[in-house]
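# Per-entry structural report
One-letter residues, chain by chain:
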Amino acid sequence: MKTTNSSIPKNVQIIKKKVLQNGLLQGSILSPILFNVYTADIIRTNSRKLIYADDIGIVKQGKTFEEIEYNLGKDLAKIQKYLKTWYLILNASKSISIAFHLNNREANYKIMVNVNEEVIPNEDFPRYLGVKLDRALTFKPHLEGLKNKLKTRNNIISKLAGTTWGCKANTLRISAMALVYSAAEYCEPAWTRSTHSKKIDTQLNHTMRIISRTVKSTQIQQWLPALANIAPADLRRKAATHSLLNKI
């Protein structure tokens, strides 16, 4: 008996099955889960490991740079051996090292850690999981960049407010929470005690003025949060920090 494919529409593509010998397709929903299972038995080290999927940071505290460099190099050798066993590659060119300290005399000191006889490059302001770090952990570079991002998003909210026309206050509030506050409150328990957090407060106060359509002389602590129906930024940060601590 002869069969034909006349029942299949011409615009339908037939997907062929393919067997993968290693890894998963990019964007697969199983990738994060399976990778966490794959690396769950990662070797123990003297340094503390900070792991999020394939982003692994190792942190070591010491009294001298030489002591830290020795311990980090020793632990990196262990991790490299483990990764090689499971067909993973530690890429030194994509890795970054930095020393966190308050000794201004050694502000320009570069940590020397080797992987495959290749020195891991130092960076003054490395970014880890979206947060820009600095030597003294003041978070000033991160908050400066965040302030500029919020300023751009406030301009978008201002366009929605308009002068001859404009959205209702509730619509502006929802838009501000989605665009401005979502970015402003990312990882805030880490930098909430920074003296530079006031840079963010200034932009969030401007956001509340846009929502409530109030002038700059409106009292910030008493009236502005009530009119915008949004709690003050410092209280929101404290609540987020307490929530994280309770979760831990």
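Everything below is about the structure printed above this text.
Model, not experiment: these values are computed from the prediction.

### Describing the packing of helix α3 (residues 140-161) against helix α4 (residues 169-184)
Axis separation between α3 and α4 bottoms out at 9 Å; the angle between their running directions is 170°. Between α3 and α4, the angle falls in the class roughly antiparallel. In this structure, α3 uses L146, K149, L150, R153, N154, I156, I157, L160 and A161 to contact α4, whose residues at the interface are L172, S175, A176, L179, V180, S182, A183 and A184.

### Concerning the packing of α4 against helix α6 (residues 198-212)
Between two packed helices, both the angle of their axes relative to each other and the distance between the axes serve to describe the pair. In contact at an axis separation of 9 Å, α4 and α6 are set at 165° when each is read in the N-to-C sense. Compared by their axis directions, α4 and α6 come out roughly antiparallel. Remark: the crossing between α4 and α6 carries right-handed chirality. Contacts from A169, L172, R173, A176, V180, Y181 and A184 in α4 reach I200, L204, T207, M208, I210 and I211 in α6.

### What about the environment of H101?
Position of H101 among the secondary structure elements: in the loop between α2 (65-85) and β3 (114-115). On the basis of relative accessibility, which here comes to 14%, the residue H101 falls in the buried class. Side-chain polar atoms of H101 contact the backbone nitrogen of N103, separated by 3.2 Å. Reaching out from H101, the side chain makes a polar contact with the backbone oxygen of E106 at a distance of 3.3 Å.

### Topic: the pattern of salt bridges
Counted according to the given criterion, the structure contains 5 salt bridges. E185 is the partner of R236 in a salt bridge, and the nearest nitrogen-oxygen pair spans 2.4 Å. Residue R236 is found in helix α8 (residues 233-247), and its partner E185 is found in the loop between α4 and α5 (188-191); the two are separated by 51 residues along the sequence. Judged by its relative accessible area of 23%, E185 falls in the partly exposed class. Linking R237 and D201 is a salt bridge whose minimum nitrogen-to-oxygen distance equals 3.0 Å. Taken together, the residues R237 in helix α8 and D201 in helix α6 connect sequence positions 36 residues apart. D201 sits in the buried class, given a relative accessible area of 18%. Taken together, the shared-partner salt bridges in this structure form one network comprising E144, K147 and K199.

### Here's the deal with the environment of T39
Counting through the fold element by element, T39 comes out in the loop between α1 (31-38) and β1 (48-52). For T39, a relative accessible area of 15% translates into the label buried. T39 has contacts with Y82 and L88, leaving out every residue within four places of it along the chain. Within the structure, the side chain of T39 is placed 3.0 Å from the backbone oxygen of F35, a separation counted as a polar contact.

### Let's talk about the packing of aromatic side chains
Under the counting rule described, the total for this entry stands at 2 aromatic pairs. Summarising the aromatic geometry, the rings of Y38 and W86 are spaced 6.0 Å apart at their centres and angled 75° between planes, so their arrangement reads as edge-to-face. With a gap of 48 residues between them, Y38 in helix α1 and W86 in the loop between α2 and β3 connect regions that are remote in the sequence. For W86, a relative accessible area of 35% corresponds to the partly exposed category. Note on F65 and Y109: the rings are 4.1 Å apart at their centroids and 15° apart in plane angle, and the pair reads as stacked. Residue F65 is located in helix α2, and its partner Y109 is located in the loop between α2 and β3; the two are separated by 44 residues in the primary sequence. The class of F65 is buried, set by a relative accessible area of 17%.

### Focus on the side chain of N71
Take N71: it is sitting in helix α2. When its relative accessible area of 14% is taken as the criterion, N71 is described as buried. Here the side chain of N71 touches E67 through a polar contact of 3.0 Å, landing on its backbone oxygen. Beyond its immediate sequence surroundings of up to four residues, N71 is in contact with S47 and K60.

### A closer look at α4
Maximum bend of α4: about 40°, positioned at M177. Of all the positions in α4, only L172, S175, A176, V180, Y181, A183 and A184 are classed as buried. Those residues of α4 that are buried are in contact with α3, α5, α6 and α8.

Reading the values: the criteria
- Residues numbered from 1 in each chain as written.
- Predicted model: local features only at pLDDT ≥ 70, side-chain atom pairs only at ≥ 80, totals over all residues.
- Heavy atoms only, no water.
- Axes fitted to C-alpha atoms, helices over the stretch in contact; angles between N-to-C directions.
- Helix = DSSP H or I, 4+ residues; strand = E, 2+ residues; numbered from the N terminus.
- Parallel < 35°, antiparallel > 145°, perpendicular 65-115°, else oblique.
- Contact = heavy atoms within 4.5 Å.
- Left-handed = near helix turned anticlockwise from the far one by under 90°.
- Buried < 20%, exposed > 50% of the residue type's maximum accessible area, 1.4 Å probe, protein only.
- Polar contact = N/O pair within 3.5 Å; in protein donor to acceptor, adjacent residues only side chain to side chain.
- Salt bridge = Lys/Arg side-chain N within 4 Å of Asp/Glu carboxyl O.
- Phe/Tyr/Trp six-rings, centres within 6.5 Å; stacked < 30°, edge-to-face > 60°.
- Bend = angle between axes of the 7 residues up to and from the residue.

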